[in-house]
Amino acid sequence: MARTILTFGDSNTHGTPPIVTRGTYERYDADTRWPTLMARALDADLIEEGLPGRLARADSDPEMGAHMNGHLGLHIALNSHGPIDTLTLMLGTNDCKAHFGQTPAGIAAGIAGLIAIACGDAAQTRHGGFGILLICPPPIVETGPISQVFHGATARSQALASLYRDLAATWGTGFLNAADHIAVSAQDGVHFDPDAHRTLAKAVATALRP
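All figures in this text were calculated on a predicted structure; none of them were measured in a lab.

Scoring rules and cut-offs
Residues numbered from 1 in each chain as written. Predicted model: local features only at pLDDT ≥ 70, side-chain atom pairs only at ≥ 80, totals over all residues. Heavy atoms only, no water. Helix = DSSP H or I, 4+ residues; strand = E, 2+ residues; numbered from the N terminus. Buried < 20%, exposed > 50% of the residue type's maximum accessible area, 1.4 Å probe, protein only. Contact = heavy atoms within 4.5 Å. Areas by Shrake-Rupley, 256 points an atom, 1.4 Å probe, with all protein chains shown as cover. Lys, Arg positive; Asp, Glu negative; His and termini not counted. Charge placed at Lys NZ, Arg CZ, Asp CG, Glu CD. Arc of directions from axis to C-beta. Polar contact = N/O pair within 3.5 Å; in protein donor to acceptor, adjacent residues only side chain to side chain. Expected span 1.5 Å × (residues − 1). Salt bridge = Lys/Arg side-chain N within 4 Å of Asp/Glu carboxyl O. Axes fitted to C-alpha atoms, helices over the stretch in contact; angles between N-to-C directions. Parallel < 35°, antiparallel > 145°, perpendicular 65-115°, else oblique. Left-handed = near helix turned anticlockwise from the far one by under 90°. Nonpolar A, V, L, I, M, F, W, Y, C, P; charged D, E, K, R; others polar. Core = buried A, V, L, I, M, F, W, Y, C linked by side-chain atoms within 4.5 Å.

Along the protein chain, the regular secondary structure elements total 8 helices and 5 strands. Counting only C-alpha atoms and orienting by the principal axes, one finds that the protein chain spans roughly 45 × 35 × 30 Å. Going through the 210 residues of the protein chain one by one, you find that 53% of them count as buried. Residue pairs in contact within the protein chain that sit at least 24 positions apart in sequence constitute 75% of those at least 6 positions apart. For the protein chain, the accessible surface area stands at approximately 8900 Å², while carbon and sulfur atoms represent 53% of it. Of note, the protein chain has its 14 positive side-chain charges centred 2 Å away from the centre of its 20 negative side-chain charges.

All right, on to helix α3 (residues 70-80) then. Here α3 has its buried residues at Gly70, Gly73, Leu74, Ala77 and Leu78. Taken end-on, α3 shows its buried residues confined to a sector of 125 degrees, consistent with a single buried face. With a side-chain oxygen positioned 2.8 Å from the backbone nitrogen of His71, the residue opening α3 is Asn69. Gly82 occupies a position one or two residues after α3 and carries a positive phi of about 150 degrees.

All right, on to helix α8 (residues 194-208) then. For α8, spanning 15 residues, the distance from its first C-alpha to its last is 21 Å, which sits close to the expected 21 Å at 1.5 Å a residue. Every buried residue belonging to α8 is among Ala196, His197, Leu200, Ala201, Ala203, Val204, Ala205 and Leu208, and all of these are buried. The elements touched by buried residues of α8 are β1 (4-9), α1 (11-14), α2 (34-42), β3 (86-90), β4 (131-136) and β5 (174-177).

What follows concerns the pattern of salt bridges. If you walk through the whole model with that rule in mind, you get 4 salt bridges. We note a salt bridge from Arg40 to Asp31, for which the minimum N-O separation is 2.8 Å. Connected via shared salt-bridge partners are Arg27, Arg33 and Glu48.

This part covers the packing of α2 against α8. Relative placement of two packed helices is described by the angle separating their axes and the distance separating the axes. α8 packs onto α2 with a crossing angle of 45 degrees between their chain directions and a minimal axis gap of 8 Å. Relative to α8, α2 is oriented oblique. Of the two possible hands of crossing, α2 and α8 adopt the one that is right-handed. Every residue of α8 that contacts α2 at Trp34, Leu37, Met38, Ala41 and Leu42 is listed here: His197, Arg198, Leu200, Ala201, Val204, Ala205 and Leu208.

In this section: the packing of α3 against helix α4 (residues 104-119). Taken N-terminus to C-terminus, the directions of α3 and α4 make an angle of 20 degrees; their axes are 10 Å apart at the nearest point. It follows that α3 is roughly parallel to α4 by the angle criterion. Helix-helix and strand crossings are classified by hand; for α3 and α4 the assignment is right-handed. Of the residues in α4, those touching α3 at Gly70, His71, Leu74, His75 and Leu78 are Gly110, Gly113, Leu114, Ile117 and Ala118. Of the residues that constitute the contact of α3 with α4, the class distribution is 5 nonpolar, 5 polar and no charged.

The residue Leu163 is located in helix α7 (residues 160-171) in this model. Judged by its relative accessible area of 28%, Leu163 falls in the partly exposed class. Considering only alpha carbons, one finds Leu163 and His127, 36 residues apart in sequence, at a separation of 28 Å. Leave out the neighbours within four places in its chain, and Leu163 touches Pro104, Ala105 and Ala108.

Our focus in this paragraph is the nonpolar core. Considering soluble globular proteins, one finds that nonpolar side chains tend to be buried as a cluster. One finds Phe8, Leu74, Leu87, Leu89, Ile111, Leu114 and Phe130 to be the most contacted residues of the largest nonpolar core, which totals 36 residues. Looking at this core, the elements with two or more residues in it are β1, α3, β3, α4, β4 and α7. The element that contributes the greatest number of residues to this core is α4, accounting for 7 residues. In this structure Ile111 touches Ala56, Leu91, Leu134, Tyr164 and Leu167, once residues within four positions along its chain are discounted. In terms of nonpolar packing, the next biggest core, distinct from the first, is built from 21 residues, Trp34, Met38, Ala196 and Val204 among them.

See the structure below:
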């Protein structure tokens, strides 16, 4: 029986290409998005749970709404689907936005909450147990049409990898630092180009391969 992988994240899990014009919705096709390519490489069933704008921690986004709260979203996802064998978590980019005033430690605290939900008895029992791969997104570059909302985000995002690595070690989850494999697009400094999606798919598949 094929394993089932749930990919939980934001626009870079959803497949949003680098933004040229703000307010325009676009999405890479299934032949480009890293979750679908990863699942094909592993011959796995895939549940895509990527929501553009999703946060690891904040209760509300003044621009996008309260449904961006990753803690609420993960509870819903784990109760909407199942059973799963593996969960990938890649969040933290949107938490670096200037208007949240988050420190790297505060962002990592939001990630810790997500891991606690996933590792909790309720979730693990419901699914018969599942593994977790924590992925740290690559650092942000403050450039392009959305650079205003990411003011100061480069320094914040650069500090996340070591904090995420420590969390993964503490909770006994897998860990992948995406920056070891890819970088964000120079177009908007946040999203991934097609080559980065392909490379990340290979890296995640390698990390999840038995």
